[in-house]
Amino acid sequence: TNVQQTSATLNGSVNPNGADTQYWFEIGTTQSLGNTTPQQSIGSGTVAQQVTVNTSSLSPNTTYYFRVDAQNQYGTSQGSILSFTTGGQQGSAPIVITNAATNVQQTSATLNGSVNPNGATATYWFEYGTTYNLGNTTVQQNLGSGTYAQQVSSYLSSLQNNTTYYFRIDAQNQYGMVQGSILSFTTGGGYSGSAPIVVTNSATNVQQNSAMLNGSVNPNGSSATYWFEYGTSYNLGNTTVQQSLGSGTYAQQVSTYISGLQNNATYYFRIDAQNQYGTVQGNILSFSTGGGYNTCGGTTPYVQTNTTSNVGQNSATLTANVSYTTSDMSGWFAYGTSQGNLYQTTGNTNVGNYNNYNNYNNNYNNYNNNSFSQSLYNLAPNTTYYYQAIVSNSCGTWYGQVLSFTTGGGGYYYNNGQMPTVVTSPATSIAQNSALLNGGVNPNGYNTTAWFEYGATTNLGLRTGSQTVGSGTSQTNYSLPAVSLAANTTYYFRAAAQNQYGTAYGSILSFTTNGGGVIYNPPTVIQQPVIVTTAQGTGLSCVMLVPALDVSQLVAGQQFTYTVTYRNGCNFPLNAAFLKVILPTDVDFVSTNYPFYNKDANGLSYNLGVVPQGFQAAISLTGVVHKDVIIGNTLVFSAVLNFNDARGHLQSVAAYLTALVAAGGALTASVFDAFAALLGNWIFDLILFLILILAIIYWIFFHRKETTIVNNVIGQSPVAVDDDGVDVLRAAPPTSRT
């Protein structure tokens, strides 16, 4: 972004995967790159963080190639190579992104991408061909001079059937020409329909000799299979076993574990998928294996979620397979009615110790029956549940794929329900890097989960966590925070909700975050908590949920205690109570006083069980603020309490607390800093000088020596003040009374 005549801002994202990580960018005028930026630390978090580096001294009217690299103790990963072209005068070239092809037929396809003209009149076109050299171009199209990303498409015809095509989007304005990354698709063999849509995602859990390959696949309504290709060069050469994905019409996250890799080696990979209408290939990404043994003294387990069995109207059995490991491990399942919010968990099970490496095949799908299972009860009928297997040992925690099943129907069930009704409301609590998104949902009588989608364009692309909103028949308001936002940026968002009859969306609204700048930090930066009750039914305001921090301000490197107090003031117990606490991404979890919890990224889940009538308790956890946190950032602490009411309906109460990151001084320091800043101002200095002159004049002409008679108090003589200003009591006998 910000591509100018001799400078540009390089952007990327890095997930440290739980280990201290350094990142840098490589850049050059060819795909061999050749130049690197200084390494920078990004900490040891477990979520993707946006990183940027400003470059200068570039040549005008020149195409540059770049990628982001990152390294921790387990290996080095490299991002895909992108490009941009510097302008010939002050201004910015367009920003382009190549998106997956759609409507892929036997002899035709639609190429897609997005273009931000960056404020100057821009044109765009697509290049395509049967090799990476491309060779064909579409007609250039005018896109105007907007300052936001616009989705564009171009229809291709007269293609060869059963053929793989490569393509990318290009755009140009007066400041330069840019090219998107190259993607591919494969035409069908003579059927009417669409090939799958695939996206290659970054590899995770990269070890010395193994890694997890990730991607997403949309079967486009026809039974599809997927696999990964990988190798030590762009030619790849190795493939994983094909897996069936069904015939859905939405993107599904998929993963495959590979082992037997060389240590200290760079591997390239991509995801492929095929249905009856064609084969498509994702873009090629890379990662680098580590060079040493896991320092925890053991090996990290690998887990695969399996399909369910014994699915009934109110129950199901979940199973999973587990790899070998050199230390004992425990396993459990997380599940829920929303794929993005598996808010319920089973109990932990001792999975055992599988030391025999020969039992473990390089194929991720073969675990020689090293498996565990747990049963679920009290499920809702005719409801789709999502679930995921999780295993953990002393070396870490691994998560299996998220799968789903649908419970059977009861005799009272009729397929005449309707999806939720959703309304988007204006955002509130807008800060420099966060905002509270608001909306309303009518579940229309069926268990419903709600969330928000948001992003810097109307294409959105990001989403919050999900929240249950019950099964009522009237609108209930809900709010969720959007965090890690950029300052001075307009964001678009909408409310979304889902029940068993479908997913509904509200209208798209927008807000603009506050700007950065000089911040005078008062000592109290912890804002009052925002309590948002989204429970359905009568009298559920009797459930209290209050978050609090034990400090008056947060600064870099500071340890704090975050406490969530909950109280059941209702006339019935809260059944199946479950508390989810979500910490800001700029803090790390240290410990908690409640022993029964599960940790997922920066979220902690507490299974409270039954909360009796009139019961009150508090759960505390200790955390520490990242040392590289940005002063002025707003940190959002969230807490959500889910439970079943007296009628068995699922209810939810949420609370949010925001804290502004301070520079580190107390009030006196802030006051003196502000006062010192004023001393350099000539108007302030003049006023101060005049006040001093008036004080001297008053002292000379009005402070004369005088005696003041104070009214007599009963039983005392008057009190005089002598010429030196010293009080003198002249006692006299009391006046006699008759």
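Rules of the game
Residues numbered from 1 in each chain as written. Predicted model: local features only at pLDDT ≥ 70, side-chain atom pairs only at ≥ 80, totals over all residues. Heavy atoms only, no water. Helix = DSSP H or I, 4+ residues; strand = E, 2+ residues; numbered from the N terminus. Buried < 20%, exposed > 50% of the residue type's maximum accessible area, 1.4 Å probe, protein only. Contact = heavy atoms within 4.5 Å. Polar contact = N/O pair within 3.5 Å; in protein donor to acceptor, adjacent residues only side chain to side chain. Salt bridge = Lys/Arg side-chain N within 4 Å of Asp/Glu carboxyl O. Pairing = 2+ DSSP bridges. Disulfide = S-S within 2.5 Å. Axes fitted to C-alpha atoms, helices over the stretch in contact; angles between N-to-C directions. Core = buried A, V, L, I, M, F, W, Y, C linked by side-chain atoms within 4.5 Å. pLDDT = per-residue confidence, 0-100.

(A) Structural detail: the environment of Asn112. With respect to the helices, strands and loops of the structure, Asn112 is situated in strand S10 (residues 109-116). Judged by relative accessible area, Asn112 falls into the buried class, the value being 11%. When the C-alpha positions of Asn112 and Ser154 are compared, they lie 6.7 Å apart, and in sequence the two are 42 residues distant. Look past the residues within four positions of Asn112 in its chain and what remains in contact with it is Thr98, Asn99, Ala100, Ala101, Thr102, Phe126, Val152, Ser153 and Phe167. Here the side chain of Asn112 touches Thr110 through a polar contact of 3.4 Å, landing on its backbone oxygen.

(B) Spotlight on the pattern of salt bridges. In the structure shown here, the tally under the stated rule is seven salt bridges. The closest approach of N and O atoms between Arg168 and Asp170, which form a salt bridge, is 3.7 Å. Its relative accessible area of 16% is what places Arg168 among the buried residues. A salt bridge links Arg270 to Asp272; the nearest nitrogen and oxygen atoms lie 3.7 Å apart. Considered together, Arg270 and Asp272 belong to a single accessibility category, that of buried residues. In this structure, a network of salt bridges that share partners links the residues Glu26, Arg67 and Asp69.

(C) Spotlight on the environment of Gly461. Assignment of secondary structure puts Gly461 in the loop between strand S37 (449-455) and strand S38 (462-463). With a relative accessible area of 69%, Gly461 lands in the exposed category. It is 9.7 Å that separates the C-alpha atoms of Gly461 and Phe493, two residues lying 32 residues apart in sequence.

(D) The arrangement of the pairing of strand S18 (residues 197-204) in detail. Both S18 and strand S19 (residues 210-218) contribute to a ladder of six bridges, which runs antiparallel. Opposite Thr200, over in S19, you have Gly215 as the bridge partner. Between S18 and the antiparallel strand that follows it, S19, lie five residues; Asn205 among them carries a positive phi value of about 50 degrees.

(E) Inspection of the state of the cysteines at higher detail. All chains considered together, the criterion is met by one disulfide. The partner cysteine of Cys542 in its disulfide is Cys570, sulfur to sulfur 2.0 Å. Between Cys542 and Cys570 the disulfide shows an S-S torsion of about 90 degrees. By sign, it is right-handed. Here the residue Cys542 occupies a position in the loop between strand S44 (530-533) and strand S45 (543-549), and Cys570 occupies one in the loop between strand S46 (559-568) and strand S47 (574-582), the gap between them amounting to 28 residues.

(F) Geometry of the sheet that holds strand S23 (residues 252-259). Strand order in the open sheet formed by three strands is S18-S19-S23, with antiparallel pairing between adjacent strands. Strands at the two margins of the open sheet, each flanked by one partner only, are S18 and S23. Taken pair by pair, the neighbouring strands of this sheet meet at an average axis angle of 25 degrees, ignoring direction.

(G) Just the nonpolar core, in detail. Residues Phe84, Phe185 and Phe287 are the most contacted members of the largest nonpolar core, which totals 59 residues. Apart from the residues lying within four places of it in its own chain, the contact partners of Phe84 are Val3, Ala8, Leu10, Ile27, Leu58, Thr62, Thr63, Tyr64, Phe66, Met177 and Val178. Grouped together as the second largest cluster of nonpolar side chains are 37 residues, Leu604, Tyr606, Ala617 and Phe637 included.

(H) Looking closely at unusual backbone geometry. Positioned with a positive phi, Ser158 is a non-glycine residue whose angle comes to about 60 degrees. Locating Ser158 in the fold gives a position in the loop between strand S14 (150-156) and strand S15 (164-173). With a phi close to 60 degrees, Asn220 is a non-glycine residue in the positive phi region.

(I) Spatial organisation of the confidence of the model for the chain. Looking at the chain as a whole, its pLDDT mean stands at 75, while 79% of the residues score no less than 70. Mean pLDDT across the elements of the chain ranges from a minimum in S44, with 33, to a maximum in strand S11 (residues 122-129), with 93. Per-residue pLDDT stays below 50 along residues 665-680; that stretch engages in twelve contacts with residues further than four places along the chain or on separate chains.

(J) Highlighting the sheet that holds strand S27 (residues 303-305). In space, the three strands of this open sheet follow the order S27-S28-S32, with antiparallel pairing throughout. The open sheet has two edge strands with one neighbour each: S27 and strand S32 (371-376). Put simply, the sheet's adjacent strands are angled 25 degrees from each other on average, direction ignored. Pairing analysis gives three bridges linking S27 to strand S28 (residues 316-322), with the strands arranged antiparallel. Bridge pairing in S28 places Gln304 opposite Asn321.

(K) Molecular detail of the pairing of strand S36 (residues 435-442). With eight of its eight residues buried, S36 lies for the most part within the structure. Where burial is concerned, the two faces of S36 agree: the one with Ala435, Leu437, Gly439 and Val441 and the one with Leu436, Asn438, Gly440 and Asn442 are both buried. As paired elements, strand S35 (residues 421-428) and S36 share six bridges and run antiparallel to each other. Bridge pairing in S36 links Val422 to Val441. Connecting the antiparallel pair S35 and S36 is a turn made up of six residues, with Ser429 showing a positive phi of about 50 degrees.

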